[in-house]
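This is what each chain is made of:
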Protein chains: 2
Amino acid sequence: MIEVETGKQAASRAARLDAVFAALADPTRRAIIERLSRREARVTEVAEPFHMSLNAVSKHIRVLEASGVVERRRKGRDHILSINTRSLDEVDGWILRVRGYWEKRLDAMERLLRELKKDHKLRPKDRKHGSR
Amino acid sequence: MIEVETGKQAASRAARLDAVFAALADPTRRAIIERLSRREARVTEVAEPFHMSLNAVSKHIRVLEASGVVERRRKGRDHILSINTRSLDEVDGWILRVRGYWEKRLDAMERLLRELKKDHKLRPKDRKHGSR
């Protein structure tokens, strides 16, 4: 499935995975994501629980925005932050792939198809002439 | 579930997540993991497809080993590398959690329990006296 990508697509996908994994490799940034996973929030609300300056938290938020994991929109004078789950889906898809999740699913499907085929071979006349 | 962790356990879990996410934030290291996800391999086999020195690849392998994603064992004179899927499970669990996967599952279970309870209240005598 992955092989049909062009070189350019593969390169930009790799760059996205680099950015998302790097963004998640920090406990403050993961805590921000955990906070936003409950509900979207203003920048000041997100910064509140941390023992650091608003400026320091803002830097972490910018890293998350650059990676595509967090999105910002304006609502009047407020900046509302929310999670973009699609970027997490891509990362999760990669992990499931290397853990062999999809192979196991495809293997199970192949076994099923083989059994159906065997079943079909054992009684080919059933299909040719019909039984109803 | 996560809340019952002690502070020390939470800190070491955070450190493990930091290390695994950082290890995955590099295309060469992800390619090594993809290679090992098909089957375990010797260091030289892993290094072969890359246009870089064995020393450069070895550095990437050491980062993967330090993160716990890759394990090394000796087999005679060879060093065999393989994936430790448990470390990937932890990372995957974190992603599923912030994507609200478990909340959705727990919500579904809660709904089911509520319905079973309602059902039980509507006909309590069925259970007291039995029907068989």
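Rules behind the numbers
Residues numbered from 1 in each chain as written. Chains lettered and ligands numbered in written order. Predicted model: local features only at pLDDT ≥ 70, side-chain atom pairs only at ≥ 80, totals over all residues. Heavy atoms only, no water. Pairing = 2+ DSSP bridges. Helix = DSSP H or I, 4+ residues; strand = E, 2+ residues; numbered from the N terminus. Contact = heavy atoms within 4.5 Å. Axes fitted to C-alpha atoms, helices over the stretch in contact; angles between N-to-C directions. Phe/Tyr/Trp six-rings, centres within 6.5 Å; stacked < 30°, edge-to-face > 60°. Buried < 20%, exposed > 50% of the residue type's maximum accessible area, 1.4 Å probe, protein only.

**Student:** Can you tell me about the sheet that holds strand S3 (residues 78-83) of chain B, naming the residues and giving the values?
**Tutor:** Residue and element names in this part refer to chain B. Strands sit in the order S1-S3-S2 across an open sheet of three strands; the sheet is antiparallel. One side of each edge strand has no neighbouring strand; the edge strands of this open sheet are strand S1 (41-42) and strand S2 (70-75). Across the sheet, helix H2 (residues 27-38) touches S1, S2 and S3, and the angle it forms with S3 is around 95 degrees.

**Student:** Before we move on, can you summarise the packing of aromatic side chains with the specific residues and values?
**Tutor:** For the coordinates displayed, the defined rule picks out three aromatic pairs over all chains. On the numbers, 5.9 Å between centres and 75 degrees between planes, the contact of phenylalanine 21 of chain A with tryptophan 94 of chain A is edge-to-face. Taken together, the residues span a long stretch of sequence, with phenylalanine 21 of chain A in helix H1 (residues 7-24) and tryptophan 94 of chain A in helix H5 (residues 85-98) at a distance of 73 residues. Residue tryptophan 94 of chain A is classed as buried on the basis of its relative accessible area, which comes to 1%. Following the ring pairs from residue to residue traces out a cluster consisting of Phe21 and Trp94 of chain A together with Phe21 and Trp94 of chain B.

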